[in-house]
Structures are given as structure tokens and as C-alpha cells.
Amino acid sequence: VKRRILLLAGGQSGEHEVSLMSARSVLAALPRDQFDVTPVVISPQGRWLPPTETARALETGRAQGGGDLVLHRAASAEGYDAVFPLLHGPMGEDGTVQGLLTLAGIPFVGSGVLGSAVSMDKVMTKQVLASAGIPQVAWRLAVRREWQDRPGEVGARARELGFPLFVKPANLGSSVGITKVSRPEELQAALDLAFNLDRRVILEAMTAHKPRELEVGILGNDAPLASPVGELRFDAEFYDYETKYTEGRATMHIPAPLPPEVAERVRSLALTAFRALDCAGLARVDFFYVEETDQLLLNEVNTMPGFTTTSMYPKLFEAAGLSYSELVTRLVELALERR
Ligand code: ADP
Ligand code: MG
Ligand code: MG
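What this report covers is the structure whose coordinates are included nearby. (Residues numbered from 1 in each chain as written. Chains lettered and ligands numbered in written order. Predicted model: local features only at pLDDT ≥ 70, side-chain atom pairs only at ≥ 80, totals over all residues. Heavy atoms only, no water.)

### A closer look at the overall build of the protein chain
Counting its secondary structure elements, the protein chain contains 13 helices and twelve strands. Taking 339 residues into account, the globule formula puts the C-alpha radius of gyration at 20 Å, and the protein chain, at 20 Å, falls close to it. On the principal axes, the C-alpha backbone points of the protein chain span a range of 60 × 50 × 35 Å. For the protein chain, buried positions account for 54% of its 339 residues. (Helix = DSSP H or I, 4+ residues; strand = E, 2+ residues; numbered from the N terminus. Rg over C-alpha atoms; globule rule 2.2 N^0.38 Å. Buried < 20%, exposed > 50% of the residue type's maximum accessible area, 1.4 Å probe, protein only.)

Structure follows, in C-alpha cells:
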């Protein structure tokens, strides 16, 4: 008997289009003899689109117009064996949709409410991982109200970290709202930008040397496996939105050219982080590696990483011998096992 899958895509975050691209790949790859897949696109305004509008959005790569709010129908327990919430960023990857699906009693791919919410928030992630003994850059939290009422205090926190530093909204992805601040004069604009997008902002120290960027995939529930380690290379100040999504700006190296001992450390730290954050199903764990000092720092954990056929996460498992279609099938199995 075929499993009925609801594939959620699009969503309200800045990563709406990225999600639609991933969804097209997943839709094409779920084996039709095993799965009966219904895609539902969520518009940037948060409306769950009916079939015709959904098909149009997947075809054109953008959700148009209003459409009915079909949330109650789409997420009702009857009708689907599992949901694949292929959504990135706030209102999708952050535990909100996961909470709705938990209430509806439908198994779903990926982390639950706790793992999703904590991993989405860069400050909570840092706190949890620090208590698990995972090495990370030095950081400080700032809240919007403090920036409005006592900007001097926030500035002092930045100076403690030193320049250059990174300013980031706590709950976003795809490098949206992130600034590399090289001089104190640039701090105000960076904080204004980040606080426009989030109530909470994280200030992060930069390593002394430009770090290499390593990524590793984790697959599984309570006995997770780590993929080979991949590396991203690009010619830019940092891995910003443009570099991420402009064809040809960045190159992927799988496996990353590393001493085997370093790759093993990456995999082991990533597994520890996955467990500490109570992740499930899948995650892509990203690191900075400072070659000069042999320093490995965990940067972030993405609980629903980019998922087109050419994205890092599927490529990492392909290198481990798991095809894209085997991978998506495995993710649905993991969702059903967790029930
Ligand atoms: P996002 O969740 O939007 O991907 P990241 O925290 O991964 O945000 O930051 C995006 C990119 O910015 C990283 O891939 C890296 O290139 C750069 N970056 C972020 N924080 C630091 C840091 N502390 N030191 C050096 N580079 C950083
Ligand atoms: Mg991220
Ligand atoms: Mg990142």
C-alpha cells in the first residue's frame, strides 16, 4: 500500500524561493510506486494554496495571489501518513509548523518542536552547545530594546569581541541580515539592519584568520550517522546571500581535502551537537576550520538544509553511497519510525 505524503514548500521566510526549488527536486525523486505525494505551497503571506495554485507556484517558482487558507484541511490527521515540511527559516524550520503537525498527530520529516526551535535560534544553539562542550566563537546577545534605550552598552559588548565581528539576526538563514563589521563606525548600520529583522541579535567574534567552511550531514533519529565532510569555497568576504545563490560563485568539495583526523573530529562534534539539540531525521552541521591553529569551531545547525539535487546535504550522502531518491525515502521512513 502506498504512503500518502504531504509535501509542504514555500513558506513565509526569505527562503521561500529556495524551498520551492528544493520541493521540485523532492517531488520528482519520491518513488511513485511507494508514495502518493500531494504538494502544498505556502505563500509568502502564509496561505496554504489549493492544488491549482500550488502546481502553478511550483512551475513558475513563485506563489501568486491569495488562495484559500487550506491549513485545516491539509494538516488534518486523516488523509496523510506523513508530512515533509520542506520549509526553511522562520515559520517553517523553527518549530511552528512542527507544533501544528504534532497537534494534528501526523508524523513528519525532521526535527520536532524543541530541536527545530533551538537550532533555528543562533543564541539558544550557542548556549546548548556550550554546555555540551562544543567549541564555538565568542559571542554576545543583544535585544532590540537595549539597542534603543542603551546603545552604548551594546557597543561596549561589541568592543569586547573586537573587530572584525559578525552581526546577525538570531532567527534567520541564508545570510539574510548578516553584516561583517570591520570597523566600529560600521556597527550602527549593521545593528539597525539586524534589529529590523529580529528582536534578538547575536554579535560574533571572527577568527584571527579567514576560516575554511566545512559542512557535514547527519541522518537518523536516535542512532544518527554522519556523512563525509564537505567544503565550500568562494571568492567573497563571507558566504553571503549572493554568493550562496548565484550560480558559479561557490564551489563544493566532497570530500573536503583534510587530514582524516580533522574530518573525524568534524563528524564526531556534529553528532554530539545533533544529540545535544535533540534533532531528528536530518541536519546539516556547519563548521569553521582555522588551518593555521588547527581550530575547529561549530558555526550552526540547519535542521532543514537546502535540498535540491545539487545542494550540499544530498551531495554529501550521495558521496556516502545513498542516491537522492534513496535519501528522501529514508527520511520518510525515519519520520514514520519516530511515531
Ligand atoms: P545563516 O544561518 O544565514 O547561514 P551563518 O551563521 O551561517 O548564517 O553565517 C553566514 C556566513 O557568514 C557563514 O557561512 C560565514 O561565511 C560567515 N560567518 C558567519 N559568522 C562568522 C564568524 N563568526 N566568523 C567568520 N565568518 C562568519
Ligand atoms: Mg543557517
Ligand atoms: Mg549558514
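### Considerations on the pairing of strand β3 (residues 82-85)
Burial of β3 is two-sided: the residues Ala82 and Phe84 facing one way and the residues Val83 and Pro85 facing the other way are all buried. Relative to β3, strand β1 (residues 3-10) is paired through four bridges, and the arrangement is parallel. Directly across from isoleucine 5, in β3, lies its bridge partner alanine 82. (Pairing = 2+ DSSP bridges.)

### Here's the deal with empty space enclosed by the protein
The gaps left among the atoms become clear once a water-sized probe is rolled over them. Enumeration over the complete set of coordinates arrives at two cavities of 30 Å³ or more. When its volume is computed, the largest cavity comes out at roughly 80 Å³. In this structure, the largest cavity is lined by Glu93, Ser119, Met120, Lys122, Thr125, Lys126, Leu172, Asn299, Glu300, Val301, Asn302 and Thr303. For the lining of the largest cavity, the secondary-structure elements that each account for two or more residues are α5 (113-120), α6 (122-131) and β12 (295-302). Taken together, the residues of the lining of the largest cavity break down into three nonpolar, five polar and four charged. Its residues placed into classes, the lining of the second largest cavity shows four nonpolar, six polar and one charged. (1 Å grid on protein atoms, 1.4 Å probe; cavity = no way out; pocket = protein on both sides within 12 Å on 5 of 7 lines; lining within 4 Å. Points joined across faces, edges and corners; volume = space filled by probe spheres on them. Nonpolar A, V, L, I, M, F, W, Y, C, P; charged D, E, K, R; others polar.)

### As for the packing of helix α1 (residues 16-29) against helix α2 (residues 51-60)
Viewed as axis vectors pointing N to C, α1 and α2 meet at an angle of 105°, and their least axial separation amounts to 9 Å. The orientation of α1 with respect to α2, classified from their angle, is roughly perpendicular. Only Ala57, Leu58 and Glu59 of α2 make contact with α1, whose side of the interface consists of Leu20, Ala23, Arg24 and Leu27. (Axes fitted to C-alpha atoms, helices over the stretch in contact; angles between N-to-C directions. Parallel < 35°, antiparallel > 145°, perpendicular 65-115°, else oblique. Contact = heavy atoms within 4.5 Å.)

### Thoughts on the sheet that holds β3
What the three strands build is an open sheet, ordered β2-β1-β3; its pairing is parallel. Edge strands, defined here as strands with exactly one partner in the open sheet, are β2 (35-42) and β3. Averaged over neighbouring strand pairs, the angle between their axes works out to 20° when direction is ignored. Both β1 and β2 contribute to a ladder of eight bridges, which runs parallel. Looking at β2, one finds that leucine 8 is bridged to valine 40. Docked against the sheet, α1 engages β1, β2 and β3, running at close to 155° with respect to β1. Contacts from helix α13 (residues 324-337) reach β1, β2 and β3 within the one sheet, and its direction differs from that of β3 by about 125°.

### A look at the coordination of the magnesium ion (ligand 2)
Taken together, the protein donors to the magnesium ion (ligand 2) comprise Glu300 (OE), Glu300 (OE) and Asn302 (OD1), at separations of 2.1 to 2.5 Å. Separating the magnesium ion (ligand 2) from the magnesium ion (ligand 3) is a gap of 3.7 Å, which glutamate 300 spans by donating to each of them. According to the relative accessible area criterion, glutamate 300 is buried, its value standing at 15%. Residue asparagine 302 is classed as buried on the basis of its relative accessible area, which comes to 13%. (Donors = N, O, S within 2.8 Å, 3.2 Å for Na, K, Ca; no water.)

### Things to note about the pattern of salt bridges
With the rule as written, the count across this model stands at 27 salt bridges. A salt bridge links arginine 4 to aspartate 81; its shortest N-O distance comes to 3.3 Å. Remark: aspartate 81 occurs in the loop between α3 (71-74) and β3 and arginine 4 occurs in strand β1; sequence separation between them is 77 residues. Its relative accessible area of 37% is what places arginine 4 among the partly exposed residues. Here aspartate 294 and arginine 265 are joined by a salt bridge, their closest N and O atoms 2.8 Å apart. In this pair, aspartate 294 sits in the loop between β11 (281-290) and β12 while arginine 265 sits in helix α11 (residues 260-276), placing the two residues 29 residues apart along the sequence. The class of arginine 265 is partly exposed, set by a relative accessible area of 26%. Within this structure, Glu146, Arg150, Glu153 and Arg157 form a network of salt bridges that share partners. (Salt bridge = Lys/Arg side-chain N within 4 Å of Asp/Glu carboxyl O.)

### Here we look at the side chain of glutamate 213
Topologically, glutamate 213 is positioned in strand β8 (residues 212-220). Comment: no salt bridge for buried glutamate 213; closest opposite-charge side chain is lysine 210, at 6.1 Å. For glutamate 213, the residues in contact, after removing those within four places along its chain, are Gly230, Glu231, Leu232, Phe234, Tyr239, Phe287 and Phe288. (Lys, Arg positive; Asp, Glu negative; His and termini not counted.)

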